[in-house]
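Structure at a glance
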Amino acid sequence: MYPWIFRHLPGPLPVRILLALVLVTAVVTALFVWVFPWAAENIDFLSRDPGIS
């Protein structure tokens, strides 16, 4: 999957590396801003308090 994405990015090698880093940063940011908070609220297994003292 990653080689396929890297091959389809435009430009020379330094530009492709920069674009790949931007894509990874955008995906990680989207996960932390939208996906993980949604999962914490809506998935029962993640919202249970284990009651460990």
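Criteria and thresholds
Residues numbered from 1 in each chain as written. Predicted model: local features only at pLDDT ≥ 70, side-chain atom pairs only at ≥ 80, totals over all residues. Heavy atoms only, no water. Helix = DSSP H or I, 4+ residues; strand = E, 2+ residues; numbered from the N terminus. Buried < 20%, exposed > 50% of the residue type's maximum accessible area, 1.4 Å probe, protein only. Areas by Shrake-Rupley, 256 points an atom, 1.4 Å probe, with all protein chains shown as cover. Phe/Tyr/Trp six-rings, centres within 6.5 Å; stacked < 30°, edge-to-face > 60°. Expected span 1.5 Å × (residues − 1). Bend = angle between axes of the 7 residues up to and from the residue. pLDDT = per-residue confidence, 0-100.

Quick look at the overall build of the chain now. Tallying secondary structure elements over the chain gives 3 helices and 0 strands in all. Ordering the α and β elements of the chain from the N terminus gives α-α-α. By the burial criterion, 4% of the 53 residues in the chain qualify as buried. Accessible surface computed for the chain: about 4,900 Å², of which carbon and sulfur atoms make up 74%.

Let us now look at the packing of aromatic side chains. What the rule picks out here adds up to 1 aromatic pair. Here the aromatic rings of Phe-32 and Phe-36 are separated by 5.1 Å at their centres, their planes lie at 90 degrees, and the arrangement is edge-to-face. Here Phe-36 and Phe-32 lie together in helix 2 (residues 13-42), a separation of 4 residues that amounts to about one turn. The exposure class of Phe-32 is exposed, given its relative accessible area of 56%. What makes Phe-36 partly exposed here is its relative accessible area of 39%.

It is worth spelling out helix 2 at this point. In this model, helix 2 (30 residues) spans 41 Å end to end at C-alpha, consistent with the 44 Å of a helix rising 1.5 Å per residue. By the largest-angle criterion, Leu-31 marks the main kink of helix 2, which is about 40 degrees.

Moving on to the confidence of the model for the chain. Taken residue by residue, the chain gives an average pLDDT of 87. The fraction at 70 or more is 85%. Least confident of the elements in the chain is helix 3 (residues 44-47), whose mean pLDDT is 73; most confident is helix 2, at 94.

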